[in-house]
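Structural overview
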Amino acid sequence: MKKIVSIFLSLMILTSVLIATGAEGAYPMEGDKQLTVYLVGGLTMHSDYVSEDESPYHRYIEEYTGVDVEWQRAPAGADENMAYNMMIASGKYPDIVYNWNLPTYAETAIADGIMQPIEDYMEFAPALSAYIERHPEVRKAITTDNGHMYAFPFLYEDPQYLGTTQGVSVNMKLLAQTGLDKPVTMADWEEVLYAFKDLEECDYPFCVSDNFEPRVWFGNAFGFNGYDRYYVNMDGEVETWMTHPGYKEFLAVMNRWYNDGILDRDFATTDLMGLVNKIVTTNVGAVYYGLNTPARFYDQLVKRDGEFTYEPATQVVATEGDTVCYAMGANEWLGVGAFITTACSDIPTAMKFLDWFYTDEGFVVSNFGKEGESYHIGDDGKPHVNAEILNAAEGSTSALSRYTAMTGVGIGIQSIDWFNDKSLPFVPGMIEAWIKNSVAGEHHWPCVCATAEEGVELANLENSVITYAEEMYLNFIIGAEPLDKFDEYVKNINEMGLERIIEIRTQGLERYNNR
């Protein structure tokens, strides 16, 4: 194990993770250490296993930390959120909870005596302390407006890179027939897509499945963020795509593309397999898909065409050379992670247990598993996932989930090297293209904490507002609602509560900025 730590200390210096351990961080811990950990939507085990006791990754955690963990979660088939709420209502808390959306209720959970503030115990978390010292934006994110630190977060080594999971690729074989260059600006996309339509060989100029929204890809060119419902605009103010002036312009273009046969008329109902079927049985000019989608058709397409003909485009801009302000990616923290409850009778042990995930050893194990079982050291001195896992009949992602939680979300820091190692060779290039010249991370919605009153009011308003916005989004594109009713839509959605939502979120953002 000392060999592993020494190798990966140099690795992490190169990758700038720079996690540090201290005297209190020695593992495995000695003595009889026991903790209960309740899991909601993360640190998941492979579907083959009945309990975490069968899961290699969960056994690794216990082995390396020296803690006997009683893993708890909702019964199979039960609603996770409902089961969690019932557990909280019972007043019988575990020592540690892993959950999503922690900033939305941290203030309330602390005030209600559920969540244990941890700022007075950070001496028992030297690795996380060292990390947030180097990354003050993370410290800010895991701290409430009242100054309480409360979470051990799941983090991306590079939020923009690892948080970008979808984008558009162009069929270069068809593009060559048009004599045009790969599109960059909105004007370029107009020219290319209509040129695709004129090609006899092109069946669909632009395809997308129902999992992805064109507004995410094209919104930046119209001055709005189509990915986040709420975001921080160029002036530092709260904004939403739902009523942005550029949104109407975008809808007009999408409606025209829909009517002209540029945008696949089945875009709202085509599922992922339907999209893949179109790609392998027809000729698609440009396709909006996720990072993992090409793995579903790569071999078939190469067999059919003799080569993989798709190359990633860069995020659309209004004018060539513009900085990309609004795109996919992630902010400093997604709001998912672990917290210690007030029922924990041994807070130092709980702190040290959770801190392990940010140590040198925890970083390696959380991403790659155990040397010899799931990874090996390559000639470059870095860890590499074993070939039998990458080539497993069940699929690499499924096979990897036996040995790591990073196929979903966990605790600690997801590694770029791990992500690239388990991905198809062309995936890093896709991401690099999709995030080129992007500062989108500066504009994603941060980890704002709502007060108890705000949380209740937002819950009462947002569901109906969001449902209405999404319904009208589709209706405007397919022409079920004419765009001359856009102003009426804006009036309606503001009266439904959107203006109040922006007001509440503005207050929260001001408090966040003052932390």
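Refer to the structure presented above.
Residues numbered from 1 in each chain as written. Predicted model: local features only at pLDDT ≥ 70, side-chain atom pairs only at ≥ 80, totals over all residues. Heavy atoms only, no water.

Focus: the sheet that holds strand 14 (residues 412-414)
Hydrogen bonds between backbone groups are what pair the strands of a sheet, and the pairing can be parallel or antiparallel. The mixed open sheet is built from six strands, whose spatial order is 2-1-3-11-4-14. If you trace the sheet from one side to the other, it starts and ends with strand 2 (67-72) and strand 14, each paired once. Strand-to-strand twist in this sheet, taken as the mean axis angle between neighbours without regard to direction, amounts to 20°. Bridge count between strand 1 (residues 33-39) and strand 2: six bridges; the pairing is parallel. Pairing of glutamine 34 across the sheet is with aspartate 68, part of strand 2. (Pairing = 2+ DSSP bridges. Helix = DSSP H or I, 4+ residues; strand = E, 2+ residues; numbered from the N terminus. Axes fitted to C-alpha atoms, helices over the stretch in contact; angles between N-to-C directions.)

Describing the packing of aromatic side chains
Ring pairs (aromatic) are described by centroid distance and by the angle formed between their planes. Within this structure, the stated rule accounts for 35 aromatic pairs. Between tyrosine 64 and tryptophan 356, the ring centres sit 6.3 Å apart and the planes meet at 10°, which makes this aromatic pair stacked. Of this pair, tyrosine 64 sits in helix 2 (residues 56-65) while tryptophan 356 is found in the loop between helix 14 (347-355) and helix 15 (360-368), placing the two residues 292 residues apart along the sequence. For the pair formed by tyrosine 64 and tryptophan 356, the shared burial category is buried. Pairing phenylalanine 224 with phenylalanine 250 gives two aromatic rings, centres 5.8 Å apart and planes at 75°, and the pair type is edge-to-face. One end of the pair, phenylalanine 224, is in the loop between helix 10 (214-218) and strand 7 (230-232); the other, phenylalanine 250, is in helix 11 (residues 245-260), with 26 residues separating them in the sequence. Here phenylalanine 224 and phenylalanine 250 have matching classes, each one buried. (Phe/Tyr/Trp six-rings, centres within 6.5 Å; stacked < 30°, edge-to-face > 60°. Buried < 20%, exposed > 50% of the residue type's maximum accessible area, 1.4 Å probe, protein only.)

Let's talk about a negative patch on the surface
A surface patch of negative charge is lined by Asp32, Asp53, Glu54, Asp68 and Glu70. As for its placement among the helices and strands, aspartate 68 is situated in strand 2. (Patch = residues over 30% accessible without salt bridge, like charges linked within 9 Å, V, L, I, M, F, W, Y side chains within 5 Å. Areas by Shrake-Rupley, 256 points an atom, 1.4 Å probe, with all protein chains shown as cover. Salt bridge = Lys/Arg side-chain N within 4 Å of Asp/Glu carboxyl O. Lys, Arg positive; Asp, Glu negative; His and termini not counted. Charge placed at Lys NZ, Arg CZ, Asp CG, Glu CD.)

Some points on the packing of helix 11 against helix 21 (residues 486-513)
Across the interface, helix 11 lies against helix 21 with an axial gap of 11 Å and an inter-helix angle of 135°. Taken as axis vectors, helix 11 and helix 21 run oblique relative to one another. The interaxial crossing formed by helix 11 with helix 21 has right-handed handedness. Within the contact between the two elements, helix 11 uses Tyr247, Lys248 and Leu251 and helix 21 uses Phe486, Asp487 and Tyr489. Of the residues assigned to the contact of helix 11 with helix 21, the class counts are four nonpolar, no polar and two charged. (Parallel < 35°, antiparallel > 145°, perpendicular 65-115°, else oblique. Left-handed = near helix turned anticlockwise from the far one by under 90°. Contact = heavy atoms within 4.5 Å. Nonpolar A, V, L, I, M, F, W, Y, C, P; charged D, E, K, R; others polar.)

What to know about unusual backbone geometry
A cis amide bond links tyrosine 27 to the next residue, proline 28, at an omega of -5°. On the secondary structure map, proline 28 appears in the loop between helix 1 (2-15) and strand 1. Positioned with a positive phi, asparagine 101 is a non-glycine residue whose angle comes to about 55°. Within the element layout of this structure, asparagine 101 appears in the loop between strand 3 (96-99) and helix 4 (102-111).

Quick notes on the nonpolar core
Grouped together as the largest cluster of nonpolar side chains are 168 residues, with contacts concentrated most on Trp189, Phe218, Phe353 and Tyr489. The residues contacting tyrosine 489, other than those within four sequence positions of it, are Met242, Tyr247, Tyr468, Ala469, Met472 and Phe476. (Core = buried A, V, L, I, M, F, W, Y, C linked by side-chain atoms within 4.5 Å.)

So, the layout of surface pockets
What the second largest pocket holds in volume is close to 910 Å³. Around the second largest pocket sit 34 residues that line it, and Leu291, Asn292, Thr397, Phe419 and Lys422 are the ones nearest its centre. Among the elements of the structure, helix 17 (396-400) and helix 18 (416-422) are those that each provide at least two residues to the lining of the second largest pocket. No other element matches the four residues that helix 18 contributes to the lining of the second largest pocket. Taken together, the residues of the lining of the second largest pocket sort by class into 16 nonpolar, 14 polar and four charged. (1 Å grid on protein atoms, 1.4 Å probe; cavity = no way out; pocket = protein on both sides within 12 Å on 5 of 7 lines; lining within 4 Å. Points joined across faces, edges and corners; volume = space filled by probe spheres on them.)

Coordinates in, geometry out; function isn't part of it.
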